[in-house]
Amino acid sequence: MDYLSENVYINAGFQHLCESVFARLCQIVGTSVQVAIRRETMDIREMVDTRVADNDDVIGMESGSRREGFRLKGSDIDYMFWLNNHRVIFDMSQSEHYYKENKTLILSDSSESPPGFTLLELLTPTTDSEVQSARVPMNDRLQISSSLFKQQAQSHYFPGSITHGPCESGEVGGLQYDLACCFACDFWPQSASYWINRCHSWPDMEVIHEIVRNGCHFVPIGHPQGLHEHEEWRISFSLTEHKLVRSMNHCQFLTYGLLKIFLKEVIDEQSEETNKLLCSYHMKTVIFWVIQQNAVPLWCPQNLLAGFWVCFKLLLKWVYEGVCPNFFIPENNLFQSKVHGSAQKKLFLQLHGLYEKGLVCLLQSPSIKSYISDVLYNPRLSICTSEDKMISECDHDKELFNEIYWNTPYSPKNIDHCIKYLHTIELMIGEPLTQYQVLMLQRSTANILQSTAFTLHNMYTNTGLNKQMYIADRMSCHMLKLTAKFGCISDMMYIAMFYCKTFRFREALYITEMIKVKLEQPGLMYKRHVDPQRYTEAVGGQSWSTKIRQAVANDIKLNNYTCYINELKPEQQSVSNLFRIPLSVSLYFVEFLCYRHIDTTLAQTALEKLQVLVQHDEGQYVLDVLRDISWEILGICQQMTGNHQAALYSYQQSLTQFPFHKIQNVTQMRIQDLHIT
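Basis of the calculations
- Residues numbered from 1 in each chain as written.
- Predicted model: local features only at pLDDT ≥ 70, side-chain atom pairs only at ≥ 80, totals over all residues.
- Heavy atoms only, no water.
- Helix = DSSP H or I, 4+ residues; strand = E, 2+ residues; numbered from the N terminus.
- Rg over C-alpha atoms; globule rule 2.2 N^0.38 Å.
- Buried < 20%, exposed > 50% of the residue type's maximum accessible area, 1.4 Å probe, protein only.
- Contact = heavy atoms within 4.5 Å.
- Axes fitted to C-alpha atoms, helices over the stretch in contact; angles between N-to-C directions.
- Parallel < 35°, antiparallel > 145°, perpendicular 65-115°, else oblique.
- Left-handed = near helix turned anticlockwise from the far one by under 90°.
- Nonpolar A, V, L, I, M, F, W, Y, C, P; charged D, E, K, R; others polar.
- Pairing = 2+ DSSP bridges.
- pLDDT = per-residue confidence, 0-100.
- Core = buried A, V, L, I, M, F, W, Y, C linked by side-chain atoms within 4.5 Å.
- Salt bridge = Lys/Arg side-chain N within 4 Å of Asp/Glu carboxyl O.
- Arc of directions from axis to C-beta.
- Phe/Tyr/Trp six-rings, centres within 6.5 Å; stacked < 30°, edge-to-face > 60°.
- Polar contact = N/O pair within 3.5 Å; in protein donor to acceptor, adjacent residues only side chain to side chain.

Caption draft 1: Fine view of the overall build of the protein. Scanning the protein from terminus to terminus reveals 28 helices and 16 strands. Over its C-alpha trace the protein gives a radius of gyration of 28 Å, about what one expects of a compact globule, namely 26 Å for 677 residues. Structurally, the protein occupies a C-alpha span of about 85 × 75 × 50 Å along its principal axes. Residues classed as buried in the protein amount to 55% of the 677 residues present. Expressed as a percentage of contacts within the protein between residues at least 6 apart in sequence, the contacts between residues at least 24 apart total 69%.

In structure tokens form, the structure reads like this:
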């Protein structure tokens, strides 16, 4: 074999290897379609939340890897929260952009802080107790102490949460979370102005303008070597980073995913001494620099591993030098307080050992190994790189419907708030939307209409205004029936709850029977539980609207600002966010409540079915995080029948579950009532 043909053969083999890893990463990280679904559904959620928010509301934004489109096992859920009526400015001239009567202004002063960090001076009065408690005098000015603010802002909402950097961290339902309370700024920091001039080839000007227009955030953590570590704040570019990841092509995004996998499965597994010296943010920084510097001429499936290797070599260089330059403020060395001294030397030797092995080092990754070795042992192995053929129709739908469900947690506070939500959605319908965003808005509309229906009814209950009650009742029924026409199977449950609440028990039971028939369909997709073959046979090839109506069901979400079931009112009033009940639990609960007025024998049957479900379900219909409310509902039903001993046991079981709904105080009150009666 001559030199030329040998190189062609080697090159062809390398491309084949890259294609195999590309196909595997599409399975782990997601195809471009799956990633688009995740991002675009979340876009709608944040757009609605932002446009509906009042000046004195707290704004929330998901950040980190999930917001970027990853769903890797073990990934954190990252959220940032900030006060909508507080804004940071960089100079006094920027204060002219705000009406000072309803905005608290904060001045950034980085003159005494390391690059990427700053002090925050409170310029105008604040009514927020957490900000007030964090004020400290310094140089004749009132500074907001990051450490004090972090102490005040941390809610410890779930048990076991700890402080981790600027965040409150913990675990719920097997998922790690990081919550960071911060401040927002509508301006781009001067210290990152050179970044704009550096963007010659990536990202494009439209993305740059959008990034600069959106400003930045400030998270409560100081530089460990700064003069004012406990008062300083770090400039956060989380929103910018999300925009940059969105501007990657799919091969670049998968390379970023491969770096994260390589860090977790190879680098962190080699040595306990160097474990966790590097983090996912370092991997993100590496690929940002590599893309912007055009270090890889072509990002495509056939060249994926070449892109990975360039990133790995840059990381190795940074560890050798002990310098990881922040992508926006290069003077901010991300290694400065972590990768230095003996730890730096050990990490370099570890990475250099992997470097000497070449791409073979990827064989140490359990997730990737077989997809490399299979091609090495069988160079003629057929590899499919067509994303359309990588994911089945059922898996595609499962991704879409699941993301839509999780991204519609709206809770209007009152009827005016409901109207504001509906008006916002109405305006968004006229905007350019993707097919996934249209479905997301459809689901959002159903969610808001359901809240509106119950809120409207509750407004006129016991007012004595019969005509208004009649009109409100008709409107509420119409809204709930409308949502059932374009919503999923679960949406019928809201009609049943409304009929139960308004004493139309037989009508409610008629609806629950219809729901049970639909839930017994072999092709049902309940959350992520589905038989792919039967689902495809039932609704394959049909429109998403048809699939949602005929074959999709989920848990029930209740807006905690309005009452759906009178017997659950104390629990709902104690919850500070959305209330979730397993669909089957709510179904048997409503049946029990209705049958008590019609047939006590059938009421007992419904209670027995509820008891079997709560006691013996292993996560298919009742998620672990929803077991607190499920046991609570069972106890309520048992108490209503006079079986106080069984009710006591159920309430005690509710108290031992993960306190997802924070109903422990109500449960204790119910236990006290049992002892009194």
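Having seen the model, we can carry on.
Caption draft 2: Quick peek at the packing of helix α24 (residues 583-595) against helix α25 (residues 600-616). Two elements in contact, α24 and α25, have axes whose closest approach is 8 Å; the angle formed by their N-to-C orientations is 160°. Here α24 is positioned roughly antiparallel relative to α25, judged by the angle of their axes. Judged by the twist between their axes, the crossing of α24 over α25 is left-handed. Together, Ser 584, Val 585, Tyr 588, Glu 591, Phe 592 and Tyr 595 of α24 and Thr 600, Leu 602, Ala 603, Ala 606, Leu 607, Lys 609, Leu 610, Leu 613 and Val 614 of α25 make up the contact between the two elements. For the contact of α24 with α25, a count of residues per class yields 11 nonpolar, two polar and two charged.

Caption draft 3: Region of interest: the side chain of Thr 285. By the element assignment, Thr 285 lies in helix α10 (residues 280-292). Residue class for Thr 285 comes out buried when judged on its relative accessible area of 2%. Residues in contact with Thr 285, not counting those within four places in the same chain, are Trp 318, Cys 324, Pro 325, Phe 327 and Leu 334.

Caption draft 4: Just the packing of helix α18 (residues 466-486) against helix α19 (residues 492-501), in detail. Closest axis-to-axis distance for the α18/α19 pair is 8 Å, and the angle between their directions is 155°. Here α19 runs roughly antiparallel to α18, going by the angle between their axes. Remark: the crossing between α18 and α19 carries left-handed chirality. Here Asp 473, Ser 476, Cys 477, Leu 480, Lys 481 and Ala 484 of α18 lie close against α19, whose contacting residues are Met 492, Tyr 494, Ile 495, Phe 498 and Tyr 499. Across the contact of α18 with α19, the residue classes tally to eight nonpolar, one polar and two charged.

Caption draft 5: Inspection of the pairing of strand β4 (residues 104-109) at higher detail. Within β4, five of the six residues are buried, which leaves the element mostly enclosed by the surrounding structure. In this structure, strand β3 (residues 86-89) lies alongside β4, joined through four bridges in parallel fashion. Paired with Arg 87 across the strands is Leu 105, a residue of β4. Bridge analysis of β4 against strand β5 (residues 117-122) gives four bridges, and the strand direction is antiparallel. Bridged to Leu 107 within β5 is Glu 121.

Caption draft 6: The arrangement of the confidence of the model for the protein in detail. When pLDDT is averaged along the protein, the result is 93; 98% of the residues meet or exceed 70. Low pLDDT, under 50, characterises residues 1-10; the stretch is placed with three contacts to residues that sit more than four places away or in other chains.

Caption draft 7: Looking closely at the nonpolar core. Core analysis: the biggest nonpolar cluster contains 92 residues, and Leu 278 and Leu 304 have the highest contact counts within it. Residues in contact with Leu 278, not counting those within four places in the same chain, are Leu 263, Ile 267, Asp 268, Met 283, Leu 315, Val 319, Phe 335, Leu 347 and Leu 351. Ile 495, Met 497, Phe 589 and Leu 613 belong to the second-largest nonpolar core, a separate cluster that totals 64 residues.

Caption draft 8: Seen up close, the pairing of strand β12 (residues 233-236). Of the strand pairs in this sheet, β5 and β12 are connected by two bridges, and their pairing is antiparallel. Considered in β12, the bridge of Phe 117 is made with Arg 234. Here strand β11 (residues 216-219) runs beside β12; their pairing, made up of three bridges, is antiparallel. Residue pairing in the sheet places His 217 in a bridge with Ser 236 of β12.

Caption draft 9: Inspection of the pattern of salt bridges at higher detail. Using the criterion set out here, one finds 28 salt bridges in the structure. Two residues, Glu 399 and Arg 38, come together in a salt bridge whose shortest N-O distance is 2.8 Å. Taken together, the residues span a long stretch of sequence, with Glu 399 in helix α15 (residues 393-406) and Arg 38 in helix α2 (residues 32-52) at a distance of 361 residues. The pair formed by Glu 399 and Arg 38 is uniform in burial state, with each residue classed as buried. The salt bridge partner of Lys 398 is Asp 395, with a shortest N-O separation of 3.7 Å. With Lys 398 and Asp 395 both in helix α15, this residue pair falls three residues apart, about one helical turn. Exposure remark for Asp 395: the relative accessible area of 33% places this residue in the partly exposed category. What emerges from the salt-bridge pattern is a single network uniting Asp 43, Glu 46, Arg 67 and Arg 246.

Caption draft 10: Unusual backbone geometry, seen in detail. For the bond from Trp 202 to Pro 203, the omega torsion is -5°, close enough to zero to count as cis. Its identity as a non-glycine residue notwithstanding, Lys 276 has a phi of 75°, on the positive side. Relative to the elements of secondary structure, Lys 276 occurs in the loop between α9 (250-270) and α10. Overall, Lys 276 belongs to the exposed group, its relative accessible area being 52%.

Caption draft 11: View of helix α5 (residues 146-153). Within α5, burial applies to Ser 146, Ser 147, Phe 149, Lys 150 and Ala 153. One side of α5 carries all its buried residues, which in axial view fall inside an arc of 165°.

Caption draft 12: Examining the packing of aromatic side chains more closely. Per the counting criterion, the structure on display carries 36 aromatic pairs. Centroid distance Phe 149 to Phe 183: 5.2 Å. Interplanar angle 40°. Geometry classified as tilted. Of this pair, Phe 149 sits in helix α5 while Phe 183 is found in strand β10 (residues 175-185), placing the two residues 34 residues apart along the sequence. Taken individually, Phe 149 and Phe 183 each receive the classification buried, so the pair is uniform in this respect. When the centroid spacing of 6.5 Å and the interplanar angle of 45° are considered together, the rings of Phe 308 and Trp 309 count as tilted.

Caption draft 13: Looking closely at helix α21 (residues 532-539). The N-capping residue of α21, defined by a side-chain oxygen 3.1 Å from the backbone nitrogen of Gln 533, is Asp 531. Two residues or fewer past α21, Gly 541 is found with a positive phi of approximately 80°.

Caption draft 14: Here's a closer look at the side chain of His 16. In this structure, His 16 sits in helix α1 (residues 3-28). Accessibility expressed as a relative area gives 14% for His 16, which makes it buried. Leave out the neighbours within four places in its chain, and His 16 touches Val 375, Pro 379, Arg 380, Leu 381 and Ile 383.

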